[in-house]
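So the chains spell out like this:
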Amino acid sequence: MTLDELAIGQEATIVTVGGEKILRRRLLDMGLTPRTKVMIRKVAPLGDPIELRLRGYLLTIRKEDAKQIEVSL
Amino acid sequence: MRYALVGNQNCGKTTLFNQLTGSNQHVGNFPGVTVDSKEGTIKDTQDTVVDLPGIYSLSPYSNEEIVTRDFIINQKPDAIVNIIDATNIERNLYLSLQLMELHVPMVIAANMMDEVIESKTSIDIKKLSEELGVKVIPISAIHNEGIDDLLQAMNKVATKKIYPSKYDFCTGPVHRAIHGITHLIEDHAQAIDVQPRFAATKLVEGDEPMQKALRLTENELDMIEHSVVEMEEQLQTDREAALADMRYNYIEQVIAKTVKKSGESKAYLRSVAIDAILTHKYFAIPIFLGIMLSIFYLTFNVFGALLSDALAYLVDTITLSVDTALTAFGMNPVVHSLIIDGIFAGVGSVLSFLPIIVVLFFFLTILEDSGYMARVAFVMDKLLRKIGLSGRSIVPMLIGFGCTVPAVMATRTLSSERDRKMTIFLTPFMSCSAKLPIYSVFTYAFFPKYQAWVMILLYVLGIVIGILFGLLFKVTAFKGQPTPFVLELPNYRMPSVKSVMLLMWDKAKDFLTRAFTVIFIGSMLIWFLQTFDFRFNTVESTQSMLAYIGKWIAPLFAPLGFNDWRVATALISGFTAKEAVVSTLAVLLSTTSSALSETLPTIFTPLSAFSFLIFTLLYTPCVAAIGAVKQELNSGFLTLCFVILQCVIAWLCAVCFYQIGCIFL
C-alpha cells in the first residue's frame, strides 16, 4: 500500500520511495528512506497536505507525493 | 579567521549567529541568486562568520544548497561551524555527514541542549564527538550558554587545522564504488581543488554539477557509470536512495550508542497540544485569518499609525522651520522649491513607510520564529497550489492589501527563488490601502448608492486577475518544476527578543539603504517634471513638463474612455504615491480634494470612471514598492519588466471593460 492510504495514527514502514527526481531526493534527504518507520499524524483542514511523524520530528508532504511512497504495515 | 555557519532550518542558526556577532553584521546577496548572505564579526576579535542559508542537504537542486556548497569549496573558510538541533539530532546529523565529506576543519554546535535536558533525554557528547570524529560542543544559543566553549573550539579546529577524522560512512557495495571512483578522479578533483572523496560521493549520487565541474572524459564517465550500476544491482536500489540510506544507517548506529531517550520531549508534546488548536480541522483557517487581521489592525491602525504620525510631525516641523529659514534668508525660489518640495518631500515619503515596515516585521518575525509560519504553509497549501505556489505565499499577499512595500519585503523568507519571484509579481494585484482615497472619491462621485459594493468589486477584481495571472505564470514564465513541498513543522518555540529586534533593525536598514535611491530619484524626477517647463522656467503645474507629458500620453487613454491630459498627469504623479492621484487631479481641475467629486462628472461618465478605477487598481505600484521590488528581485531589468507588465495589464483590462461596456450602454 502507499503512504497516503494509511489511517491517522497508524504506523508503517517505508518500502520504496518514488517520485520525480527533485522531489524524491528531497524526501530521501529528509529521512524518508527504506525501512524507516512513519506515521500520519494529521490531515490539513482542506484535506491536503498531510502531517507525518518520523525520526522524532514532524514533516508535511502533499498527498499526491505520498502516493509515490510504498509502505508496509 | 573566517568561519562558515551551516545548519538546517529551524535549528537556531540565526540566534547563534546573532549571539556570536551582536549587531556587527551586514547583509549582502550571493551573486546571481536572491539568496541572502550575511557576514558578521565575532565580538572582540577580527574573525568573521558567514551565515549560510538554512539547508537540509548538499544536493544540487536548490540555490540555497548550491550556494552553500560553492561557498565552502571556493571560498575555503578556515572552519565550518555546523549547528544542529539536539532535540532532532537524527535528521540534523544528515547534513553534518555531508559536510564532513567536504573535509574542511569543522566543529559541531549541538544547540537546544536545555530542551534536551528538560526532556530527560541524555546525549553522551564525548562519545558523540568520538563516534563522529568531529568535536561536538553543547550549547543553548537562545540562553547564550556554551558560546565561549564553542568559540574556543572553533579557534582550535581552525588554527590547528583539525579535519573530521571520519568521512567513510559506507559499507559494502557503496564503499567499493566510492573507493574506486575516488582513485579514478583524483587528478581531476585536485585540479579544481575539491576533496576527491567528496567528488566521488557526489558522482555516485549522480550529481550533475559535479560531473561538469570535474571535466571528465567520455571514457571516465563510462567507467563511473559502470561501477555505479554495479552497485545499484548489488543493493537492489538506485544511487540516490543508496547514499541517503547509507548516511542514515550510520547516524542510527551513532545515535544508538550516544542518545538515551525517555519518552517524548516536552517541546514536542507542547507543540502537539498547540497544534490541536492552531491546525484544527475547523478552527485553523479562522484563527489564521484572525491573526492576520489583528496584525493588520495593530500595524496600520494602532502602532504604525501612531509612529507614522509622530514621524510626520517631526518631518513637518523640520520642513517648516527650514522653509521659514529659507524664506527669511531670501533663497532663490527654485532652490527653495528643490529643498522643500523635492528633497524634503522625497525623504518624507521614504520615511513614511518605515514605521509600518518595522511594526509589521516585528509581528512577522514572531510568526516565523515561533514556528507558526510553517503551519500556515500546512493549512493554506491546498488553496495556493492551484496557482503554482505553496502555502506560505499567502502571507505576503495578504500584507499586500495593506502596503505593497513590506509585502514584497516579506517574500524573503519564502523557501524557493521561484516562489519568491512569482509572489512578488502577484502581490501588487492585492489592492493596497493607499488606493482607497482614489476609490472613495470616485465611487462617491459616480456610484453614491453602491459605494461599498463597487469598492468590494474592485478588491475582488484585483484578486481574480491576480489568480488568472498566477495560472498564466504557472504555464509560462515560471513553468519549471515548483520546489517540492516537503516541509518540516518545527516544535513551537519562544522567539528570541534579540533576533526579533535585530531583524526589525535589518529590515529598516535594508529598506533605507537599498530602496532609498530608487524612491528618492523617483520623487525628485516627478518634482522636477512638475516644477519646470521645457525651457527650465518654473511654471504653474498646468504648464509643466509633466502636464505636457500628460498631453502626449492622454490619447493612450482614449480607448479607456478618458482622453484628458489632466487625468493622465494625475496618473503619472501617482507613481510617487497613490494618494497623489487625488491631490494632483484636484489641483489640475482647480478645485480641492474634498470638492473633487463634484467636478469629476465633467470629465468622466460612470462607465469611464469605472474604467479609470480598474486602471488605477492594476497599474504600476508606487515608486517605494518598485524600490522594494528591485531590492528583492535584485535585478533592474526584471523590475522594469514588472512595471511595464503591470501597466500593460491595467491598460488591457480597462480597455476590455470600457469597450464591452460601450456596447451594452
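Residues numbered from 1 in each chain as written. Chains lettered and ligands numbered in written order. Predicted model: local features only at pLDDT ≥ 70, side-chain atom pairs only at ≥ 80, totals over all residues. Heavy atoms only, no water.

**Describing the overall build of chain A**
Counting its regular elements, chain A contains two helices and five strands. Against the 2.2 N^0.38 benchmark of 11 Å for 73 residues, chain A shows a C-alpha radius of gyration of 11 Å, consistent with a compact globule. Once the C-alpha set of chain A is aligned to its principal axes, its extents read approximately 30 × 25 × 25 Å. Burial analysis of chain A (73 residues in total) assigns 62% to the buried set. Residue pairs at least 24 apart in sequence account for 55% of intrachain contacts in chain A once pairs closer than 6 positions are excluded. Put simply, chain A has 13 plus and 10 minus side-chain charges, and the middle of one group is 6 Å from the middle of the other. (Helix = DSSP H or I, 4+ residues; strand = E, 2+ residues; numbered from the N terminus. Rg over C-alpha atoms; globule rule 2.2 N^0.38 Å. Buried < 20%, exposed > 50% of the residue type's maximum accessible area, 1.4 Å probe, protein only. Contact = heavy atoms within 4.5 Å. Lys, Arg positive; Asp, Glu negative; His and termini not counted. Charge placed at Lys NZ, Arg CZ, Asp CG, Glu CD.)

**Considering the overall build of chain B**
Tallying secondary structure elements over chain B gives 29 helices and 10 strands in all. Counting only C-alpha atoms and orienting by the principal axes, one finds that chain B spans roughly 85 × 55 × 55 Å. A buried classification covers 55% of the 665 residues belonging to chain B. In chain B, the share of contacts with a sequence separation of at least 24, taken over all contacts with a separation of at least 6, comes to 72%. On chain B, the mean spot of the 51 positive side-chain charges and the mean spot of the 59 negative ones are 3 Å from each other.

**Some details on the sheet that holds strand S10 (residues 486–488) of chain B**
Across the sheet, six strands lie side by side as S5(A)-S1(A)-S2(A)-S3(A)-S4(A)-S10(B); this open sheet has antiparallel pairing. Edge positions in the sheet fall to strand S5 (69–72) of chain A together with S10 of chain B, since each has one partner strand and no second. In this sheet, neighbouring strand axes are inclined to one another by 40° on average, regardless of whether the strands run parallel or antiparallel. Sheet topology note: the strand S4 (residues 57–61) of chain A/S10 of chain B ladder contains three bridges and is antiparallel. When the bridges of S10 of chain B are listed, Ile-61 of chain A appears paired with Val-486 of chain B. (Pairing = 2+ DSSP bridges. Axes fitted to C-alpha atoms, helices over the stretch in contact; angles between N-to-C directions.)

**Points about the domain arrangement of chain B**
Residue and element names in this part refer to chain B. With domains assigned, chain B is organised as domain 1 (2–159) and domain 2 (172–260). On a C-alpha basis, the centroid separation for the pair domain 1 and domain 2 is 24 Å. At the interface, 25 residues of domain 1 touch 23 residues of domain 2. Its largest share of buried area at the contact with domain 2, domain 1 owes to Tyr-94, Glu-101 and Glu-131, together 28% of the area lost on that side. Between domain 1 and domain 2 we count four salt bridges in total. Taken together, domain 1 and domain 2 are joined by nine residue pairs in polar contact (both at pLDDT 80 or more). For the side of domain 1 that touches domain 2, the secondary structure elements donating two or more residues are helix H2 (63–75), helix H3 (89–101), strand S7 (122–123) and helix H5 (125–132). Looking at which element gives the most residues to the side of domain 1 that touches domain 2, the answer is H3, with eight residues. Among the residues forming the side of domain 1 that touches domain 2, the class breakdown is 12 nonpolar, four polar and nine charged. (Domains from an automatic or database assignment. Buried area = accessible area lost by both parts, 1.4 Å probe. Salt bridge = Lys/Arg side-chain N within 4 Å of Asp/Glu carboxyl O. Polar contact = N/O pair within 3.5 Å; in protein donor to acceptor, adjacent residues only side chain to side chain. Nonpolar A, V, L, I, M, F, W, Y, C, P; charged D, E, K, R; others polar.)

**Concerning helix H1 (residues 21–29) of chain A**
All names here are of chain A. With seven of nine residues buried, H1 lies mostly within the body of the structure. Considered for burial, the residues of H1 that qualify are Leu-23, Arg-24, Arg-25, Arg-26, Leu-27, Leu-28 and Asp-29. Remark: Gly-31 follows H1 within two positions and exhibits a positive phi of approximately 100°.

**Describing the packing of aromatic side chains**
Residues and elements named next belong to chain B. Counted under the stated rule, the structure contains 29 aromatic pairs over all chains. When the centroid spacing of 5.2 Å and the interplanar angle of 75° are considered together, the rings of Phe-442 and Phe-604 count as edge-to-face. In this pair, Phe-442 is assigned in helix H20 (residues 436–446) and Phe-604 in the loop between helix H26 (596–599) and helix H27 (606–618), connecting sequence segments 162 residues apart. Accessibility classification places Phe-442 together with Phe-604 in one group, the buried group. For the pair Trp-527 and Phe-532, a centre-to-centre distance of 5.8 Å together with 85° between the ring planes defines the contact as edge-to-face. Residue Trp-527 shares its accessibility class with Phe-532, and that shared class is buried. Members of the aromatic cluster, each reached through a chain of ring pairs, are Phe-442, Phe-446, Phe-447, Phe-557, Phe-562, Phe-604, Phe-610, Phe-612, Phe-615, Tyr-619 and Phe-657. (Phe/Tyr/Trp six-rings, centres within 6.5 Å; stacked < 30°, edge-to-face > 60°.)

**A few points about the interface of chain B and chain A**
Taken together, the contact between chain B and chain A spans 49 residues of the former and 36 residues of the latter. For the chain B and chain A pair, buried surface summed over both sides reaches about 4000 Å², with 56% attributable to carbon and sulfur atoms. Looking only at chain B, the three residues that lose the most surface to chain A are Tyr-61, Phe-378 and Val-486 of chain B, adding up to 17% of its buried area. Scanning the region where chain B abuts chain A turns up 10 salt bridges.

**Considerations on the pattern of salt bridges**
Residues and elements named next belong to chain B. Applying the stated criterion to the full structure yields 35 salt bridges over all chains. Here Lys-257 and Glu-131 are joined by a salt bridge, their closest N and O atoms 3.3 Å apart. Here Lys-257 is found in helix H11 (residues 239–258), whereas its partner Glu-131 is found in helix H5, with 126 residues between them in sequence. On the basis of relative accessibility, which here comes to 14%, the residue Glu-131 falls in the buried class.

**A look at the pairing of strand S3 (residues 36–41) of chain B**
All names here are of chain B. Here S3 runs beside strand S4 (residues 48–51); their pairing, made up of four bridges, is antiparallel. Directly across from Lys-38, in S4, lies its bridge partner Asp-51. Between S3 and S4, which pair antiparallel one after the other, the connecting turn spans six residues, and Asp-44 there sits at a positive phi close to 60°.

**Considering a nonpolar patch on the surface**
Residue and element names in this part refer to chain B. On the surface, a nonpolar cluster with roughly 860 Å² of combined accessible area is contributed by Tyr-450, Trp-453, Ile-456, Val-460, Ile-463, Val-464, Ile-467, Leu-468 and Leu-471. Considering the arrangement of structural elements, one finds Ile-463 in helix H21 (residues 451–475). On the basis of relative accessible area, Ile-463 is assigned to the partly exposed category, the value being 31%. (Patch = residues over 30% accessible without salt bridge, like charges linked within 9 Å, V, L, I, M, F, W, Y side chains within 5 Å. Areas by Shrake-Rupley, 256 points an atom, 1.4 Å probe, with all protein chains shown as cover.)

**A short note on unusual backbone geometry**
Asp-48 of chain A connects to Pro-49 of chain A through a cis peptide bond whose omega is -5°. Mapped onto the secondary structure, Pro-49 of chain A falls in the loop between strand S2 (37–43) and strand S3 (50–54). Even without being a glycine, Met-112 of chain B presents a positive backbone phi close to 65°. Positionally, Met-112 of chain B belongs in the loop between strand S6 (106–111) and helix H4 (113–118). Accessibility expressed as a relative area gives 8% for Met-112 of chain B, which makes it buried. Positive phi values are uncommon outside glycine, yet Arg-215 of chain B reaches one of about 50°. Structurally, Arg-215 of chain B can be placed in the loop between helix H9 (208–214) and helix H10 (218–235).

**Examining the packing of helix H22 (residues 497–531) of chain B against helix H23 (residues 545–553) of chain B**
Residue and element names in this part refer to chain B. Two elements in contact, H22 and H23, have axes separated by 5 Å at closest approach and are oriented at 90°. Here H23 runs roughly perpendicular to H22, going by the angle between their axes. On H23, the residues that touch Phe-528, Leu-529 and Gln-530 of H22 are Met-545, Leu-546 and Ile-549. By residue class, the composition of the contact of H22 with H23 is five nonpolar, one polar and no charged. (Parallel < 35°, antiparallel > 145°, perpendicular 65-115°, else oblique.)

**Description of the nonpolar core**
Within the largest apolar cluster, 111 residues are counted, with the highest numbers of intra-cluster contacts made by Val-405, Phe-442, Phe-511, Leu-600 and Phe-604 of chain B. Not counting residues within four places of it along the chain, the set of residues in contact with Phe-442 of chain B comprises Phe-447, Leu-585, Leu-600, Phe-604, Ala-609, Phe-612 and Leu-613 of chain B. Ile-69 of chain A together with Ile-89, Leu-102 and Ala-200 of chain B belong to the second largest nonpolar core, which has 86 residues in total. (Core = buried A, V, L, I, M, F, W, Y, C linked by side-chain atoms within 4.5 Å.)

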